Amino acid sequence: MPELPEVETVRRGLDPLLTGAKIISVKLNRKNLRFPFPEAFSERLVGRTIIKLSRRAKYLLFYLSHNETILSHLGMSGSWRIEDEFSRKEHSSIGKLVAHDHCIINVQAKDDKIYRLTYNDARRFGFILLTDTTKLYEHPLLRRLGVEPMNNTLSGAYLKKAFANKKTSLKTALLDQSIVAGLGNIYVCEALWRSHLSPRRSAFTLALEDVYMLESANFLAQNICNLITEAIISGGTSLRDYMHADGSLGYFQHYFSVYGREGKECLNCRVPIVRILQSGRSSFYCPQCQK
Ligand SMILES: [Zn+2]
């Protein structure tokens, strides 16, 4: 599943060609993805200019002229790719089935060239919605999202406040999108390992005013931000093959310190990594280093 760094990688890949581009035609190959495509989708898009490409948590936001914004989520297997005439010919070699190309948007970019923007999604858990830009952050999918896991928004003080009185596990609390938005299972496991904190610990303990915990919240916040930043820099990570927004297929070679390493030696202390289930999700951690 694409995590926040992959979505940000897609945004950065699409941005140079799409910002300022004019939509010239739209083709839908089916009526719905996870949700139905918006009513009169094509008519509402054609003639609009893409003003800005943004991201909130794992949602891609295409700000359009005339005050509407495309809100897109990649779900489990979604990808956007952008191709000019030349790269389109190479399409058969990039590994995604044309049968899963559900939405095709032709745009005229600022360089006057025509590009084809295609949404492909084999499992169709992703979606493409259209919403009023002035009410964008009141949208049900966006309005309750917490802070971005970035240095300028996430801090130890914020986590302490959010976790005070929370009796759920630290792992579950970190996956709560209303606290930290866009943080997924992989990065929570990795951040907890780096921070020497057990995923089983109760979240409220991070807010306790004892000497050890005082630094732990800061350390955890910093580790989360560092992990996300590192992953964005390395071009996003994924367990499976993942398509870059520019149409090329990227196999991200990312080595996780703890995620997916059940039974293997902890890189700190050589004790075997343990996997447990928490709220139906796998947690990987070192029982020796993480308390
Ligand atoms: Zn260890």
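Per an unreviewed UniProt entry, the chain goes by Formamidopyrimidine-DNA glycosylase and derives from Bartonella bilalgolemii. What UniProt states about the chain under its Sequence similarities (unreviewed entry) heading is, verbatim, "Belongs to the FPG family." Checking UniProt for the chain, the heading Subunit (unreviewed entry) contains the comment "Monomer."

Peer 1: Please set out the packing of helix 4 (residues 156-163) against helix 7 (residues 211-233) residue by residue, giving values where relevant.
Peer 2: In contact at an axis separation of 7 Å, helix 4 and helix 7 are set at 110° when each is read in the N-to-C sense. Put simply, helix 4 runs roughly perpendicular to helix 7. The chirality of how helix 4 crosses helix 7 is right-handed. Of helix 7, the residues touching helix 4 (which contributes Gly156, Ala157, Leu159 and Lys160) are Met213, Leu214, Ala217, Asn218, Leu220 and Ala221. Here the contact of helix 4 with helix 7 is composed, by residue class, of seven nonpolar, two polar and one charged.

Peer 1: Account for the pairing of strand 5 (residues 78-83), with residues named and values stated.
Peer 2: Of all the six residues making up strand 5, six are buried; the element is thus mostly covered by neighbouring parts of the structure. Alternating residues of strand 5 divide into Gly78, Trp80 and Ile82 and Ser79, Arg81 and Glu83, and every residue in both groups is buried. Pairing analysis gives six bridges linking strand 5 to strand 7 (residues 114-121), with the strands arranged antiparallel. Residue pairing across strands places Ser79 opposite Asn120, the latter belonging to strand 7.

Peer 1: How would you summarise the pattern of salt bridges if you had to cite specific residues and measurements?
Peer 2: A complete count under the given rule lists 13 salt bridges for this structure. Salt bridges here are not isolated pairs; linked through shared partners, they connect Glu8, Arg11, Arg12, Arg55, Arg56 and Glu148.

Peer 1: Requested: an account of the packing of aromatic side chains, with residues and values cited.
Peer 2: In this structure the tally under the stated criterion is seven aromatic pairs. Both rings, one in Phe35 and one in Phe127, keep their centres 4.8 Å apart while their planes meet at 45°; by these two values the pair is tilted. Here Phe35 is found in the loop between strand 1 (22-28) and helix 2 (41-45), whereas its partner Phe127 is found in strand 8 (residues 127-132), with 92 residues between them in sequence. In textbook terms, an aromatic cluster arises when at least three aromatic residues are bridged by ring pairs, as seen for Phe35, Tyr59 and Phe127. The ring of Tyr63 has Lys52 lying over it, and the distance from NZ or CZ to the ring centre is 4.7 Å.

Peer 1: Go over the UniProt feature "domain: FPG-type" (unreviewed entry) in the chain with me, naming the residues and quoting the values.
Peer 2: Under the local residue numbering, the UniProt record ascribes the feature "domain: FPG-type" (unreviewed entry) to residues 257-291. With 0% helix and 29% strand, residues 257-291 has its two end C-alpha atoms placed 17 Å apart.

Peer 1: An account of the side chain of Asn223 is needed here, citing residue identities and associated values.
Peer 2: Among the structural elements, Asn223 can be located in helix 7. You can call Asn223 buried: its relative accessible area is 6%.

Peer 1: Could you give me a rundown of the coordination of the zinc ion, with the residues and numbers involved?
Peer 2: On the protein side, the zinc ion has Cys266 (SG), Cys269 (SG), Cys286 (SG) and Cys289 (SG) as donor atoms, found 2.2 to 2.3 Å from it. Around the zinc ion, the four donor atoms are arranged such that angles at the metal cover 100 to 114°; this shape is classified as tetrahedral. Here the donor residues for the zinc ion map to a single chain with the spacing C-x2-C-x16-C-x2-C. Pair noted here: Cys269 is in the loop between strand 10 (249-250) and strand 11 (274-278) and Cys286 is in the segment after strand 12 (281-285), with a separation of 17 residues, a long-range link. Taking relative accessible area as the criterion, Cys286 reaches 0% and is therefore assigned buried.

Peer 1: Run through the sheet that holds strand 8, naming residues and quoting values.
Peer 2: In space, the four strands of this open sheet follow the order 2-3-4-8, with antiparallel pairing throughout. Of all strands in the sheet, those with a lone pairing partner are strand 2 (50-56) and strand 8, marking the two edges. Strand-to-strand twist in this sheet, taken as the mean axis angle between neighbours without regard to direction, amounts to 20°. Sheet topology places strand 2 next to strand 3 (residues 59-64); six bridges connect them, and they run antiparallel. Each bridged residue has a counterpart across the sheet, and for Leu53 the counterpart in strand 3 is Phe62. Those strands touched by helix 1 (residues 4-18) are strand 2 and strand 3, and its axis lies near 170° from that of strand 2.

Here is what the cut-offs are and how they apply
- Residues numbered from 1 in each chain as written.
- Predicted model: local features only at pLDDT ≥ 70, side-chain atom pairs only at ≥ 80, totals over all residues.
- Heavy atoms only, no water.
- UniProt positions renumbered as here; feature names shortened; annotations may be inferred.
- Axes fitted to C-alpha atoms, helices over the stretch in contact; angles between N-to-C directions.
- Helix = DSSP H or I, 4+ residues; strand = E, 2+ residues; numbered from the N terminus.
- Parallel < 35°, antiparallel > 145°, perpendicular 65-115°, else oblique.
- Left-handed = near helix turned anticlockwise from the far one by under 90°.
- Contact = heavy atoms within 4.5 Å.
- Nonpolar A, V, L, I, M, F, W, Y, C, P; charged D, E, K, R; others polar.
- Buried < 20%, exposed > 50% of the residue type's maximum accessible area, 1.4 Å probe, protein only.
- Pairing = 2+ DSSP bridges.
- Salt bridge = Lys/Arg side-chain N within 4 Å of Asp/Glu carboxyl O.
- Phe/Tyr/Trp six-rings, centres within 6.5 Å; stacked < 30°, edge-to-face > 60°.
- Lys NZ or Arg CZ within 6 Å of the ring centre and 35° of its normal.
- Donors = N, O, S within 2.8 Å, 3.2 Å for Na, K, Ca; no water.
- Tetrahedral: all angles 85-135°; square planar, octahedral: opposite > 155°, others 65-115°.

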